[in-house]
Amino acid sequence: MSDSQVPNSAAGQDPEGRRRSWAELLAGRVKRQKYNPERAQKLKESAVRLLRSHQDLNALLLEVEGPPCKKLSLSKVIDCDSSEAYANHSSSFIGSALQDQASRLGVPVGILSAGMVASSVGQICTAPAETSHPVLLTVEQRKKLSSLLEFARYLLAHSMFSRLSFCQELWKIQNSLLLEAVWHLHVQGIVSLQELLESHPDMHAVGAWLFRNLCRLCEQIEASCQHADITRAMLSDFVQMFVLRGFQKNSDLRRTVEPEKMPQVAVDVLQRMLIFALDALAAGVQEESSTHKTVRCWFGVFGGQTLGSVISTGPLKRFFSHTLTQILTHSPVLKASDAVQMQREWTFARTHPLLTALYRRLFVMLSPEELVGHLQEVLETQEVHWQRVLSFVSALVVCFPEAQQLLEDWVARLMAQAFESCQLDSMVTAFLVVRQAALEGPSAFLSYADWFKASFGSMRGYHGCSKKALVFLFTFLSDLVPFESPRYLQVHILHPPLVPSKYRSLLTDYISLAKTRLADLKVSIENMGLYEDLSSSGDITEPHSQALQDVEKAVMVFEHTGKIPITVMEASIFRRPYYVSHFLPALLTPRVLPKVPDSHVAFIESLRRADKIPPSLYSTYCQACSAAEEKPEDAALGVRAEPSSAEEPLGQLTAALGELRASMTDPSQHDVISTQVAVISERLRAVLGHSEDDSSIEISKIQLSINTPRLEPQEHTAVDLLLTSFCQNLMAASSVAPPERQGPWATLFMRTMCGRVLPAVLTRLCQLLRHQGPSLSAPHVLGLAALAVHLGESRSVFPEVVVGPPAPDAALPVPALFDSLLTCRTRDSLLFCLKFCTAAISYSLCKFSSQSRDILCSCLSPGLIKKFQFLVFRLFSEARQPLSREDAASLSWRPLYLPSADWQRAALSLWTHRTFRELLKEENIHLTYQDWLHLELEIQPEADALSDTQRQDFHQWAIHEHFLPESSASGGCDGDLEAACTILVNALMDFQQRLVRSNNFGLAVVANTCNPSTLGG
């Protein structure tokens, strides 16, 4: 009987002719063979490999189970639209069937279920999908995946699911796997992104797959699809995981599954994305192209919304530092000689906006000291991409005011190292960094000419230690000549290094080489302008055009100093060809002379008296001017300027100012303000047609005629635009935040404005405050008051101002200038002065509320605070009462910028403010009896804000109740009536002398008779 069954057994059939199952066949072999544990284990592993390599586990289950198993299918779970109870029933049914099959096959149930779920995920992802969403699921796919993952969670909860096997099965279908499906697996806890990525056998392949999908995801985000919340959440989760795992310390990366894989993948993907973006920018990516959208989105992940709120500071700083290194070193195709020639095109305003936006996001996490230190380390140890290095330097000095000093210190160390051991690399780096920073203008960095003169203009310079240092310097400068811009050659020629006479040949050889190079470039050093901006990034100006600019600047310097500029005097001797051939003809252009001689006429007369104008040339000029008076039409036509020459730069400046104003009320745009201020600086230079660097160096003191301030039309228009913009920006910024939370925009704007046109700004402020003050609107008062505070904040960098007659000739710091501009004579001027003082003091107390009292005192002049005390005492009787502790009020900037500002309430609120009361205890700030007399005597009784009775009552209180009993330390008379009378008489005599001096100057001053009530008090 047994013999007859052998053939059937070999054929896989039972005695009845029925085909036996695979499990029965295996069971039969086990019966016939002796048990071998090692062989059994190998057989089990082979079975597992066979099952894992099978692509359709549903079909396998159908084959194994026979007809009854056709009911077992994941399609019921995936497509289930019924209740949760039914879903749970389906899950439990399939789970039970899986356990039965795993038991029969002798394989773990987790492996079977993992393969089945992975196969189902692949089916969902390969279903018909929208081609425009290569990384996203459709609504139907998302619904099916949700049902499938619910079943997977059931399997996990019942220990019927192998994560490792599931990951391995997924990677077999990675070409059809959608990124959103992977993200859902992570979010719903089926398998984490980290587990999935670590399970891939090929790190390079998984990095490439993630890179392709992230690029598509970024493009999809920028396309503003209807699933923006899902796409942004996906990108955020991926980036956070990459940064956390790629930039943790090694001690934090201890894992049981190949701990080195995940950091490699994370860094690889982040680096691929950054390199893709940098290469796209280098190739000139087209605006709004798919690549442009991808780069813009990826750079956006460096913002705080994606990283800052989740990731700790350590990994984030390491990631940002690594990113900065990649930016500075990727694809170093340019040599230092290329950088010397091309760096003027790499300024902050000319750098691609996407790259500058990335720089600003890096600046949020890294301090200026860390940034400069990192830049130094990279330059010392690696080959760099000079364009990005120098654009990064520009971004540093534009965005961080403190970066100027940090760069100066670093450059000083580089120069010391270079001359100590003749290190050419240090020398090249120092020159490139200084030139790049200087291109951003005087508000960001000192000019290259100033730095070169300070470094080599004396024997205390770096080159003065030995002949070896001199040879090194001139060898370096000579090697630069073939690549130099004419601007820098002109600096070296006009401000040459100081060398001992015995080594003079080194200098003359270099000067000869530089002049030869200028001749090759068709640039004549003899025809170079007197005030030409040697650090400008623009092209060389034609001699005639430059001469017109030189005349304008020379007249402006003469107007503010009253003296012939030193530059003009030197040119008349040492640069006579340019002076005679270009400067004088431009200065002596015939015109209709004004009836009242202007500064142009006065300048010509001063040169004539100094024998700096040949008599024949002057005579010809006078005759031509007389002829112009006879033919005004022809003359007008002859001097008429082309409107388009100024309109285009002025329009660009107006547009740049408008963009800055739009950013004031948008918190998301605050990081671009420094960029916009840099653009405004460049636009302002174009409007003025020059840089103020050289002329501002020459003007150690600014001469200002407060009674007859005048501006050239072009300067008048530009300054009005800037002042109006400052006022509008302040109102816009104050509508969303108090002064202390508005950031540094006001300081940046003021430095840019005054770094270019400080004399013109002060002249226009004189016109507005002294002559048009009462007619100014509240926004203008607030804006100009805030500007006065910021001018005081930077008082140390501004020259002093000599105020013209009738004021004394003593030079004043800029904050003290406002004492002379604010008069207290009539009702209107009293009220305007009160508004301005209230606004300025309130703004400073709010803006610098956390600063020391010394900062407050430096921003405001004592005279302005004294005038405020005088006006409050005089105009508000309630302020004459002693203050109690309960009277201390809180100070708010908000009521002041509202259209219906109640200035009386604002002034009294400031008067009782605790910080202001403490400020009055400072020496030289409290109003004294002598100060009060000087101010009171300026009042014109017929135009006073007080009636005769009110004025007499005020004088009685001020003398008898306030100053007479007050201690001398507080500005009073210690109760000494004789001392009070002595001070009164001295004040009257001083006042009379000022009247006489004013009349001697021929000024229209209304003689103010002393108030009888004062004398009779």
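Residues numbered from 1 in each chain as written. Predicted model: local features only at pLDDT ≥ 70, side-chain atom pairs only at ≥ 80, totals over all residues. Heavy atoms only, no water.

Draft legend 1. Structural view of the overall build of the chain. Broken down by element type, the chain carries 49 helices and three strands. Across the 1017 residues of the chain, 50% fall into the buried class. In the chain, 75% of the contacts between residues at least 6 apart in sequence involve partners at least 24 apart. (Helix = DSSP H or I, 4+ residues; strand = E, 2+ residues; numbered from the N terminus. Buried < 20%, exposed > 50% of the residue type's maximum accessible area, 1.4 Å probe, protein only. Contact = heavy atoms within 4.5 Å.)

Draft legend 2. A look at the pairing of strand β2 (residues 800-803). Where strand β1 (residues 701-704) lies against β2, four bridges are found, and the strand directions are parallel. When the bridges of β2 are listed, Lys701 appears paired with Glu800. Pairing of β2 with strand β3 (residues 811-812), which is carried by two bridges, proceeds in the antiparallel orientation. Residue Val802 lies in a different strand from β3, and its bridge partner there is Ala811. (Pairing = 2+ DSSP bridges.)

Draft legend 3. Quick peek at the pattern of salt bridges. All told, the structure shown has 20 salt bridges when counted by the stated rule. Here Arg344 and Glu345 are joined by a salt bridge, their closest N and O atoms 3.6 Å apart. Its relative accessible area of 26% is what places Arg344 among the partly exposed residues. Close ionic contact of Glu938 with Arg825 constitutes a salt bridge, the shortest N to O distance being 3.7 Å. With Glu938 in the loop between α46 (929-937) and α47 (948-963) and Arg825 in the loop between α39 (814-821) and α40 (827-847), the pair connects residues that are 113 residues apart, well separated along the chain. Residue class for Glu938 comes out partly exposed when judged on its relative accessible area of 23%. Connected through shared salt-bridge partners, Arg874, Glu936, Asp944, Asp948 and Arg951 make up one network. (Salt bridge = Lys/Arg side-chain N within 4 Å of Asp/Glu carboxyl O.)

Draft legend 4. A look at the packing of aromatic side chains. This model, assessed by the stated rule, comprises 42 aromatic pairs. Measuring from ring centre to ring centre gives 5.8 Å for Phe211 and Phe276, while their planes differ by 70 degrees; the resulting arrangement is edge-to-face. One end of the pair, Phe211, is in helix α12 (residues 203-222); the other, Phe276, is in helix α14 (residues 261-282), and 65 residues separate them in sequence. What makes Phe276 partly exposed here is its relative accessible area of 26%. Between Tyr929 and Phe963, the aromatic rings sit 5.7 Å apart at their centres with planes inclined by 40 degrees, giving tilted as the arrangement. Placement of the pair is Tyr929 in helix α46 and Phe963 in helix α47, with a sequence separation of 34 residues. Both residues of the pair, Tyr929 and Phe963, count as buried. Taken together, the ring pairs in this structure connect Phe419, Phe431, Tyr448, Trp451, Phe452, Phe456, Tyr462, Phe472, Phe476 and Tyr488 into an aromatic cluster. The ring of Tyr488 is capped by Arg435, whose NZ or CZ atom sits 4.1 Å from the centre of that ring. (Phe/Tyr/Trp six-rings, centres within 6.5 Å; stacked < 30°, edge-to-face > 60°. Lys NZ or Arg CZ within 6 Å of the ring centre and 35° of its normal.)

Draft legend 5. The arrangement of the packing of helix α8 (residues 139-157) against helix α10 (residues 179-187) in detail. Close contact between α8 and α10 brings their axes to 11 Å; oriented N to C, the two are set at 35 degrees. Seen from above, α8 lies across α10 with right-handed handedness. Residues Arg142, Leu145 and Leu149 of α8 pack against Glu180, Ala181, His184 and Leu185 of α10. Partitioning the contact of α8 with α10 into residue classes produces four nonpolar, one polar and two charged. (Axes fitted to C-alpha atoms, helices over the stretch in contact; angles between N-to-C directions. Left-handed = near helix turned anticlockwise from the far one by under 90°. Nonpolar A, V, L, I, M, F, W, Y, C, P; charged D, E, K, R; others polar.)

Draft legend 6. Just the sheet that holds β1, in detail. Across the sheet, three strands lie side by side as β1-β2-β3; this open sheet has mixed pairing. Each having just a single partner strand, β1 and β3 make up the two edges of the open sheet. Docked against the sheet, α39 engages β1, β2 and β3, running at close to 25 degrees with respect to β2.

Draft legend 7. Examining the state of the cysteines more closely. Scanning all chains against the criterion turns up zero disulfides. The thiol sulfur of Cys837 is not disulfide-bonded, and the nearest other cysteine sulfur, from Cys833, lies at 3.9 Å. (Disulfide = S-S within 2.5 Å.)

Draft legend 8. Region of the structure containing the packing of helix α24 (residues 467-480) against helix α26 (residues 504-520). At their nearest, the axes of α24 and α26 sit 10 Å apart, and the two run at 5 degrees to each other. It follows from the interaxial angle that α24 and α26 lie roughly parallel. Between α24, through Leu470, Val471, Phe474, Leu477 and Ser478, and α26, the contact on the second element is made entirely by Leu506, Leu507, Tyr510 and Leu513. A per-class count over the contact of α24 with α26 returns eight nonpolar, one polar and no charged. (Parallel < 35°, antiparallel > 145°, perpendicular 65-115°, else oblique.)

Draft legend 9. View of the environment of Cys973. Position of Cys973 relative to the elements: it lies in the loop between α47 and α48 (977-1000). Residues Cys973 and Ile959 lie 14 residues apart in sequence; the distance between their C-alpha atoms is 9.6 Å. If we skip the residues at most four places from it in the chain, Cys973 touches Tyr929, Phe963, Leu964, Glu966, Ala980 and Ile983.

Draft legend 10. Main features of α10. The buried fraction of α10 amounts to seven of the nine residues, a majority that puts the element mostly inside the structure. Among the residues of α10, Leu179, Glu180, Ala181, Val182, Trp183, His184 and Leu185 are the ones counted as buried. As for α10, its buried residues are in contact with α7 (109-125), α8, α9 (163-171), α11 (193-198), α12 and α13 (228-246). Positioned one or two residues after α10, Gly189 has a phi angle of 75 degrees, which is positive.

Draft legend 11. Representation of helix α38 (residues 778-793). Taking 1.5 Å per residue as the helical rise, α38 with its 16 residues ought to reach 22 Å, and the 23 Å between its terminal C-alpha atoms agrees with that figure. Burial runs high along α38: twelve of the 16 residues are buried. Taken together, the buried positions of α38 are occupied by Val781, Leu782, Gly783, Leu784, Ala785, Ala786, Leu787, Ala788, Val789, His790, Leu791 and Gly792. (Expected span 1.5 Å × (residues − 1).)

Draft legend 12. Summary view of the confidence of the model for the chain. Of the residues in the chain, 79% reach a pLDDT of 70 or more, and the chain-wide mean stands at 79. Counted against residues more than four places away or in other chains, residues 60-72, with its pLDDT under 50, gives 17 contacts. Low pLDDT (under 50) marks residues 80-87, which in the prediction has seven contacts with non-local residues, meaning those over four places away or in another chain. (pLDDT = per-residue confidence, 0-100.)

Draft legend 13. Structural view of the nonpolar core. Ranked by size, the top nonpolar core spans 161 residues in total, and within it Phe166, Leu210, Leu235, Phe242, Trp298, Phe299 and Phe431 carry the most contacts. Here the element with the most residues in this core is α14; it accounts for eleven residues. If we ignore the near neighbours within four places in the chain, the residues touching Trp298 are Cys218, Leu235, Val239, Leu270, Met273 and Leu274. Counting residues in hydrophobic clusters, the runner-up holds 115 residues, among them Ile673, Cys833, Leu937 and Leu995. (Core = buried A, V, L, I, M, F, W, Y, C linked by side-chain atoms within 4.5 Å.)

Draft legend 14. View of unusual backbone geometry. Phi angles above zero are rare outside glycine, and Ser159 is one such case at about 55 degrees. In this structure, Ser159 sits in the loop between α8 and α9. Look at Asp974: it is not a glycine, yet its phi comes out positive at around 60 degrees. Note on Asp974: relative accessible area 49%, which makes it partly exposed.

Draft legend 15. Fine view of the side chain of His385. Note on placement: His385 falls in the loop between α19 (368-381) and α20 (386-399). With a relative accessible area of 6%, His385 lands in the buried category. With residues up to four places along the chain from it excluded, the contact list for His385 reads Leu328, Thr329, His330, Ser331, Pro332, Val333 and Leu334.

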